[in-house]
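# Fold and contact review
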Amino acid sequence: TSTLLIQNPRVKTAARMVGFWISKVLVMLIGVLYPAVESYHAIKNSGKDQGDSHTQWLTYWVVFSLFSTLEFLLDVIIVWIPLYYEAKLVFVLWMALPQTNGALWIWQKCEKTVDEYLSKVENWGEKFKPKKAAGKAEASEKAE
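Quantities reported herein were computed from a predicted structural model and do not represent experimental measurements. (Residues numbered from 1 in each chain as written. Predicted model: local features only at pLDDT ≥ 70, side-chain atom pairs only at ≥ 80, totals over all residues. Heavy atoms only, no water.)

## Details of the side chain of Thr 59
Rules: A run of H or I in DSSP becomes a helix once it reaches four residues, and a run of E becomes a strand once it reaches two; helices and strands are each numbered from the N terminus. Only protein chains enter the accessibility calculation, which uses a 1.4 Å probe; a residue whose area is less than 20% of its type maximum is buried, one above 50% is exposed, and one in between is partly exposed. Polar contacts, as counted here, are pairs of nitrogen or oxygen atoms within 3.5 Å of one another; within protein the pair requires one atom able to donate a hydrogen and one able to accept it, and residues that are adjacent in sequence qualify only if both atoms are side-chain atoms. Whether two residues are in contact is decided by their heavy atoms: any pair within 4.5 Å suffices.
The topology assignment puts Thr 59 in helix α2 (residues 51-73). Residue Thr 59 is classed as buried on the basis of its relative accessible area of 8%. A polar atom in the side chain of Thr 59 sits 2.6 Å from the backbone oxygen of Thr 55. Other than its neighbours up to four places away in sequence, Thr 59 contacts Ala 103, Leu 104 and Trp 107.

Given below as structure tokens:
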């Protein structure tokens, strides 16, 4: 009997340059820990004219969050892309380094699109907010 084996790239790492687990650790260090430390420094030095630093790290976290969400949604497809994790490592490094300001560049290119989708999501979410009863609203206004 012959069986068809589907190989998952996460299991077979011989064809990879860095490998899944090493890439995961490096992405965690470069993509999360380093920006967290830099964000901490930006917060601690907030009174010392650190406007650019705040903008850079806030932008980084927004872009990184959107990227992580997209990656989560596409995980079933991503695992089959050769050298994806190595490319992700380079991408996160490019986004995080202040010399490249990759996250800021992405934000400037995608800001309008993000604003449009965020507005749609916020409008959609309004449907689920509890509505105040007319009598309760009037009673609370009179109490003030």
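## What about the side chain of Lys 88?
With respect to the helices, strands and loops of the structure, Lys 88 is situated in helix α4 (residues 84-96). Lys 88 has contacts with Val 27, Phe 67 and Glu 71, leaving out every residue within four places of it along the chain.

## So, the packing of α4 against helix α5 (residues 102-125)
Selection rule: With axes taken as lines fitted to C-alpha atoms, and helix axes fitted only over the stretch in contact, angles between N-to-C directions fall between 0 and 180 degrees. Every angle not falling under 35 degrees, over 145, or within 65 to 115 is termed oblique; those three ranges are roughly parallel, roughly antiparallel and roughly perpendicular. Residues are grouped as follows: Ala, Val, Leu, Ile, Met, Phe, Trp, Tyr, Cys and Pro are nonpolar; Asp, Glu, Lys and Arg are charged; all remaining types, including Gly, are polar.
Contact geometry of α4 with α5 gives a least axis separation of 5 Å together with a crossing angle of 85°. Comparing the axis directions of α4 and α5 gives the class roughly perpendicular. Facing Phe 91, Trp 94 and Met 95 of α4, the residues of α5 in contact are Gly 102, Ala 103, Trp 105 and Ile 106. Of the residues in the contact of α4 with α5, the class split is six nonpolar, one polar and no charged.

## Quick look at the packing of aromatic side chains
Put simply, the test is: Paired rings are identified among Phe, Tyr and Trp, the last through its six-membered ring, by centres lying within 6.5 Å, and are further divided according to the angle between planes into stacked (under 30 degrees), edge-to-face (over 60) and tilted (the rest).
Evaluation of the coordinates by the stated rule reveals 10 aromatic pairs. Considering the side-chain rings of Phe 67 and Phe 91, the 5.0 Å spacing of their centres and the 50° angle between planes classify their relative orientation as tilted. Here the residue Phe 67 occupies a position in helix α2, and Phe 91 occupies one in helix α4, the gap between them amounting to 24 residues. For Phe 67, a relative accessible area of 18% corresponds to the buried category. Residues Trp 124 and Phe 128 carry aromatic rings whose centres are separated by 4.9 Å and whose planes lie at 70° to one another, so their mutual orientation is edge-to-face. Here Phe 128 falls in the exposed class, since its relative accessible area comes to 57%.

## Description of the layout of surface pockets
Convention followed: Only protein atoms enter the 1 Å grid, on which a cavity is a set of points fitting a 1.4 Å probe that cannot get out and a pocket is an open set with protein on both sides within 12 Å along at least 5 of 7 lines, lining residues being those with an atom within 4 Å of a point. Grid points are joined across faces, edges and corners, and a volume is the space filled by probe spheres set on the points.
In this model, the largest pocket occupies a volume close to 280 Å³. Residue lining of the largest pocket: Val 63, Leu 66, Phe 67, Thr 69, Leu 70, Leu 73, Phe 91, Ile 106, Trp 107, Cys 110 and Val 114, and that is the complete set. Mapped by element, the contributors of at least two residues to the lining of the largest pocket are α2 and α5. Counted by class, the lining of the largest pocket contains 10 nonpolar, one polar and no charged residues.

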